[in-house]
Each structure stands twice: as C-alpha cells, then as structure tokens.
Amino acid sequence: MNEEPGLNRRRFMAAVSGGGLTLTGGLIAWRLWQPQLAARIRRVRLEKRLLHVLRERLVGSPGAERFGPMYLKLRPQDSSQRALLAPILESVITTDHEALSRSDEALAALVRNLIQQDFDAGRTVSLDGWRLSETEGRICALVTL
Amino acid sequence: MLLSPADVPAGSVLRSDVCIVGAGAAGITLARELRGSALRVLLIESGGFEPDEQTQALADGRSVGKSYFALRSSRLRYFGGTTNHWQGFSRPLDPVDFEPRKGMERSGWPISRSDLDPFYEQAHDLLQLGPYEYSPQRLGEAIKASPFPFDPKRASTIVIRFSSPPTHFGQAYREDILAADNVQLVLHSTVVELDADEAARNVRRIRAKRFDASEFQVEASAFVLAAGGLENPRLLLASNRVKPEGLGNDYDLVGRFFMEHQHVDGGVLTIAPGRHSPQLYEMNWLDSHPFRGAIALSAAFLRSQGALNFTATLLDLDAAESKRLVEEIGARPLEDLLRRSGQITEHLRFFELGVMGEQEPNPASRVTLSQDRDALGMRKIRLDWQLTDKDHENLRLALGALAGEFGRLGIGRLMSAMERGPEKSAPKVNGGHHHMGTTRMSADPRTGVVDSDCKVHGMGNLYVAGSSVFSTSGSANPTLTLVALALRLSRHLKETLRP
C-alpha cells in the first residue's frame, strides 16, 4: 500500500483530535452527570433513612394500623411505597439540603414540620371523621403496606 | 301598678300612650325604661305571675317543616316570658353580623353594631352579667390564660357570658313595674287582634280576650308587639280585617325568614394541654360572673368566604362519657399516632364541640296561620322551618377551617361528626328555641317588615320588639341583643311620642 506520509499524519492527527474531542466530551458529560448521580444516590439513601425513621416509630402502632388502610382506600393511586413517600421526600429535600446528614430525630422533626404545613395549606384528609394531614395519612399507610 | 280584672271589666276601653303587648324580656325592658317618663304605659300579658296550662296551650301550633320542638313548650306565656327558663347565655352580635356580606343573600342590617353598643352595655346590667367585657385577651389576662393564637384570617376566640343564675325578668323587675306610677300591668289577657284604620296606616286599638270570654280594648298613641318571634307575626297576620294579608304585610314578608341557630354536634376535639392550654375555653369566673371562651370563624373569613357565622364551644366530658366516646371514635389510636410521631408527649384531653351556626335568611322558612283555632278562637301557628344547602355546607366549611387551625397550631385534631357515619350525609340539626327574623328589619319595605326604629313599614304607630326584628341571626344567643334593641326603642318612643 502506497500512502502519502502527510496524509497519514493528517489522518492520524484527525483521529487523535477526534478522539480527544470524544474524550473531552465524555469528561464534560461525566462532570455534568456526576452531581446528578450523586444527588440520586443521596435521594435513594434519604428515602431509605426516612422509611427507616418512620417505620421505627410507627410499626405496630394502633394509630397507623387504623388510619393507614383508610388512607389507602381513599387514595388507591398512592398504594406504593415510592408514591407514598415521594411528597414527603421532596419536602424534606427542599427544606433541608443537608437532610441526609441529620439525625433520625431531626428527620422526624422535618416530617412534623411538613404535617403543620399541610394543615396550613389545607392538604388534609378525613379518615373516619378525623381530619388528618396528608402526610399523617401517608406515613400511616407506609407502615401498613 | 297592677290592674285587677275588676279594674278592666268586659267591654271596657283602656287608654294609654304606649301599649306593650307581651311581658317578656323585651316588653318588661320597654315598660321599665319608660318608668318615670311623661308617657302612660300599659303592659298587657297573656299569662299571670305563675305559669298555667290553659294559657300555655295558647302557644300550641303545628310544625310542618324541619323537625322542631313542640311549639307549646318553646315559649313561656306568663309574666317574665321565656326568661323564666332561659339558660343565661349572652353575647352581643359581632360587628360583621350587621354588614352586608358578599355571598350571603339578604345580609346586612340598616343599623350597625356601633348603633347598638351603648344599649348593649345597658342590657348587660339588666341581664346581671357583670362588667361589660368581651375581650378574650383581657378576660384571659384576668385568669392567667391565653386564647389560642389563631390566624385572624381564619378563626378567632369569642367570649360567652352567663347570667348566673339566669335573670328571670318576671322576678327581677316585677316590683319595678308594679311600683311605677305611669305603668299599668294587665295580666291574663291575650291580645287577639290589632284594629287598624281604614287605610291600615295606624292601629286604633287592640282587642284582648280572657278565658271567661270577656273582652276589652286598649287605645294608645303607639303599640309595641313584644310577644316573641312566633306570636308577633301571628298577631300581624291575624289582624286582617282591613287587609286580608294582615298588617305590615304589603310585600308578603310577615312571618317569612324564620331563623333558628343551627345546634349541631360538631364532633370531638382532642387537645394536647401542655402545648395550648384550653383553660380560657372552660368555665371561668370574673368577679363571680361566669364566662367561657369559644371558637369562632373570624370576621375576615366570613367576609372573604361569604360564610355564615359560627361558634363552637368546648364541652367538658365527664369521665364515663369521655371513656365511652374515646372508645367509640377511635381516639386512642389517634393519640398513639400523635405520640409516636413525636407530636405530643402527654395524654390528650377530649372535648365535645357544641356548634351553633347561623342560618341564612330564607323566605321559605316561615310562620303562617293554620286553620286550627286556639281556646280564644285565634288561628294557631303553622311553622315551616327550612334550612338551605348553604346552611349545611357552611357547617362543614367552618369545621374544616377550624380543623385546619387546630392542626396547624398543634392544638390537636378534630373528629368531625359531620364527616363520619350517618351524620355525613345528613347532619342532625336542632334549634335552640331562638325564634328570629319573622318581622325582619330593613330600610326597604320590600325586604323587611320594620324599619331601623323597629316601626312597621307603612304604619305610623306600630312597633315590634324582640328577636323577630333580627335581619340576620349571627351566632350569638339572642337575648342580650333583643334587650339592647328594646332599650333603643324605648329611647325612640320617649323622643318621638309627646303625651
């Protein structure tokens, strides 16, 4: 094969520079994606922590056992752990960016805060006549799923 | 002075400047206030100083609308009237009650709360209620308790005062009436007709009957009907000799707009007492005069929502009742939920919520005359008490708003009886023997029977006293307001009548 050396060099340079661009693009994408991944990881961890905190407090609770099924009957679209926890998680993340590093008690306090916000905003449910906050209904349902 | 039957023989004609029909809270207040004036006053009462069955039976009638008390027992026909068995609950109407309210048809009075304020204070004395004080803050300070810190856009604390023991006007003011030189009292005489002139512009005389079939008449410069929210329209409707529709009834309004306060079991409120003490809302005493706070919708809420007025009283439960209720409504699981979620650390207290809701003025809710006649030949009352969807919905709206405030403030949780079990579809609403609105006050004769001076529209000398003139009912027990209105009317009569 008789190839011109200049041409080869150009090809080589083009290949190298193209690869470099790809690599650079990848690096940039990685840089951009990494925080999202980190956020996702934090979110998953926080979700688990919240679930743990709520379950620890409410598993076996006659209150949760009474109101949880009522909530699920009222809002069948929320009958998954993820759906029940999502608004609580959002609120906790929005309220405290460092929530994951907080103690269990601090996380429980954030949930209590959300309960008061629910009442303020009219986000309430009537369960057997009792007017409870949406969050109260959700956490009862969470531990009875 | 008391006129005996011998002083008023059959066929006689008595003459006075002011003739007051009915010696209840309004009538006695008027007569007492006119003591010592230059006006000759005649106060005429259906009963005597003591109750009797025969007279009481004259109050009988038929209720054809919403279930109501037996009319025979809803009023007392003897000297002192229904103050002889009232419970003493007292509170002025709120300023917002007098305002036209967006979203509430026929709301607004032709007078304001400030027009009544001086008379309220005077009425307070007559009802022996102690110092005229209704500020929850000031009363709270006196007993070292605080009102709940409600959002003023939503809820407020009001104060109910109690006449204790309830002032029975017949006992408290009997001597005042009997000793007055210019006041004559005639007992055991029932007014059955107002006799108007041919143009139905003035009442010339009234006709009164006794059980012995004897009759007499009274002529006066002015006549005041003070016979109660059922009997006032009855008399106007029955006086149909000149106009078939009765007196003051050119626009078919007499007897319409019958209003009661909606008494409802509001449910159960749980309170974590360590966080927000309910002390102010329990029975307290100021200089030996009892009072208690109650929870109301705020004026701002009423204005913005076009809502009807509403108060809720926290009623203590005795231990047995509390235990029964707590089991029945699942309050223990709730307490467990609140404790485990860290919202309370103590045991909850439980209160029943006694609700008193305003009824909107409704022309279909009315008093008419039946074809049945009483022992004196007068047509009996036919009461058709009606409530509207708005009346019902307002109770839900109010309980929902209060439940939100209880939760937001961490006071507790509300179990609303109207959102549970059979009450959910049809709340059980009772009245409170509060008969209002049947000769309502309005500046416009097309929307009311009496004007702002309590004078019947289109008539020169006929007035109405009592809760029948209420344009709207608010959510305050009516006695204090009707006495204040009677005091105001007495001033008007003194100023306008020249003997």
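Read on for an overview of the structure. (Residues numbered from 1 in each chain as written. Chains lettered and ligands numbered in written order. Predicted model: local features only at pLDDT ≥ 70, side-chain atom pairs only at ≥ 80, totals over all residues. Heavy atoms only, no water.)

**Section: the sheet that holds strand E17 (residues 379-384) of chain B**
All names here are of chain B. Pairing is mixed in the open sheet, where 3 strands are placed in the order E4-E17-E16. In the strand order of this sheet, the two ends are held by strand E4 (61-63) and strand E16 (366-373), each with one partner. Averaged over all pairs of adjacent strands, the angle between their axes in this sheet comes to 25°, without regard to strand direction. Relative to E17, E16 runs antiparallel, the two being bridged by 5 bridges. (Pairing = 2+ DSSP bridges. Helix = DSSP H or I, 4+ residues; strand = E, 2+ residues; numbered from the N terminus. Axes fitted to C-alpha atoms, helices over the stretch in contact; angles between N-to-C directions.)

**Notes on the nonpolar core**
Formed by 142 residues in total, the largest nonpolar core has its most connected members in Ile44(B), Ile206(B) and Leu493(B). Ranked by residues supplied to this core, first place goes to helix H13 (residues 479-496) of chain B with 9 residues. When sequence neighbours within four positions are dropped, the list of residues in contact with Ile206(B) reads Cys19(B), Val21(B), Ile44(B), Val191(B), Glu193(B), Leu194(B), Phe216(B), Gln217(B), Val218(B) and Phe223(B). Among the nonpolar cores identified, the runner-up in size contains 44 residues, and Val53(A), Leu110(A), Ile139(A) and Val143(A) belong to it. (Core = buried A, V, L, I, M, F, W, Y, C linked by side-chain atoms within 4.5 Å. Buried < 20%, exposed > 50% of the residue type's maximum accessible area, 1.4 Å probe, protein only. Contact = heavy atoms within 4.5 Å.)

**Considerations on helix H12 (residues 389-408) of chain B**
Residue and element names in this part refer to chain B. The first and last C-alpha atoms of H12 sit 28 Å apart over 20 residues, in line with the 28 Å expected at 1.5 Å per residue. Restricting attention to buried positions, one finds in H12 the residues Asp-391, Asn-394, Leu-395, Ala-398, Leu-399, Ala-401, Leu-402, Ala-403, Gly-404, Glu-405, Phe-406 and Gly-407. Gly-410 lies just past H12 and shows a positive phi near 70°. (Expected span 1.5 Å × (residues − 1).)

**Section: the packing of aromatic side chains**
Residue and element names in this part refer to chain B. Summed over the entire model, instances satisfying the criterion amount to 12 aromatic pairs over all chains. Taken together, a centroid distance of 5.2 Å and an interplanar angle of 85° make the contact between Phe-49 and Phe-79 edge-to-face. With a gap of 30 residues between them, Phe-49 in the loop between strand E3 (41-44) and helix H2 (53-56) and Phe-79 in the loop between helix H3 (71-74) and strand E5 (89-90) connect regions that are remote in the sequence. For Phe-79, a relative accessible area of 2% corresponds to the buried category. Ring geometry for Trp-109 versus Phe-470: centroids 5.6 Å apart, planes at 50°, classification tilted. Here Phe-470 lies in the loop between strand E20 (462-464) and H13 and Trp-109 lies in the loop between E5 and helix H4 (113-126), a separation of 361 residues in the sequence. (Phe/Tyr/Trp six-rings, centres within 6.5 Å; stacked < 30°, edge-to-face > 60°.)

**Considering unusual backbone geometry**
Residue and element names in this part refer to chain B. A cis geometry characterises the amide bond from Ser-164 onward to Pro-165, with omega recorded as -10°. For Gln-128, which is not glycine, the phi dihedral falls at a positive 55°. Topologically, Gln-128 is positioned in the loop between H4 and helix H5 (136-142). Taking the relative accessible area as the measure of exposure, Gln-128 reaches 41% and is therefore partly exposed. Of note in the backbone geometry, His-188 takes a positive phi value of approximately 55° without being a glycine. Its location among the elements puts His-188 in the loop between strand E7 (183-186) and strand E8 (190-196). For His-188, a relative accessible area of 44% corresponds to the partly exposed category.

**Concerning the layout of surface pockets**
Residues and elements named next belong to chain B. Roughly 360 Å³ of volume is contained in the second largest pocket. Along its surface, the second largest pocket is lined by 22 residues, and Arg-91, Asp-94, Tyr-134, Thr-157 and Ile-158 are the ones closest to its centre. Elements represented by at least two residues in the lining of the second largest pocket include exactly H5, strand E6 (155-162), strand E13 (289-297) and helix H9 (299-305). The biggest single contributor to the lining of the second largest pocket is E6, with 4 residues. Here the residues of the lining of the second largest pocket are counted per class, giving 12 nonpolar, 6 polar and 4 charged. (1 Å grid on protein atoms, 1.4 Å probe; cavity = no way out; pocket = protein on both sides within 12 Å on 5 of 7 lines; lining within 4 Å. Points joined across faces, edges and corners; volume = space filled by probe spheres on them. Nonpolar A, V, L, I, M, F, W, Y, C, P; charged D, E, K, R; others polar.)

**Comments concerning empty space enclosed by the protein**
In this structure the tally under the stated criterion is 3 cavities of 30 Å³ or more. Of the volumes computed, that of the largest cavity is approximately 70 Å³. Contributing to the lining of the largest cavity are Leu54(A), Arg57(A), Leu58(A), Ala108(A), Val111(A), Arg112(A), Ile115(A), Ile139(A), Arg340(B) and Ser341(B). Counting only elements with at least two residues in the lining of the largest cavity, the list comes to helix H1 (5-58) and helix H4 (104-121) of chain A. Broken down by element, the residue count for the lining of the largest cavity peaks at 4 residues, all from H4(A). Classifying every residue of the lining of the largest cavity gives 6 nonpolar, 1 polar and 3 charged.

**Regarding helix H10 (residues 319-329) of chain B**
Residues and elements named next belong to chain B. Every buried residue belonging to H10 is among Ser-322, Leu-325, Val-326 and Ile-329, and all of these are buried. On an axial view of H10, the arc spanned by its buried residues comes to 100°, and they lie on one face. Relative to its buried face, H10 has exposed residues pointing more than 90 degrees away, namely Ala-320, Lys-323 and Glu-327. Directly beyond the C-terminal end of H10, a positive phi value near 70° is found at Gly-330. (Arc of directions from axis to C-beta.)

**Let's talk about the interface of chain B and chain A**
Taken together, the 29 residues of chain B in the interface contact 22 residues of chain A. Here chain B packs against chain A, burying approximately 2200 Å² in sum over the two surfaces, 55% of which is carbon and sulfur. Linking chain B with chain A are 4 salt bridges. Notably, a salt bridge pairs Glu136(A) with Arg413(B), separated by 2.6 Å at the nearest N-O pair. (Buried area = accessible area lost by both parts, 1.4 Å probe. Salt bridge = Lys/Arg side-chain N within 4 Å of Asp/Glu carboxyl O.)

**A word on the packing of helix H3 (residues 81-95) of chain A against H4(A)**
Residues and elements named next belong to chain A. It is at 10 Å that the axes of H3 and H4 come closest, and there the two elements cross at 105°. Here H3 lies roughly perpendicular to H4, going by the angle between them. Touching Pro-87, Ile-88, Ser-91, Val-92 and Thr-95 of H3 are Leu-107, Leu-110, Val-111, Asn-113, Leu-114 and Gln-117, all from H4. Tallied by class, the residues present in the contact of H3 with H4 amount to 7 nonpolar, 4 polar and no charged. (Parallel < 35°, antiparallel > 145°, perpendicular 65-115°, else oblique.)

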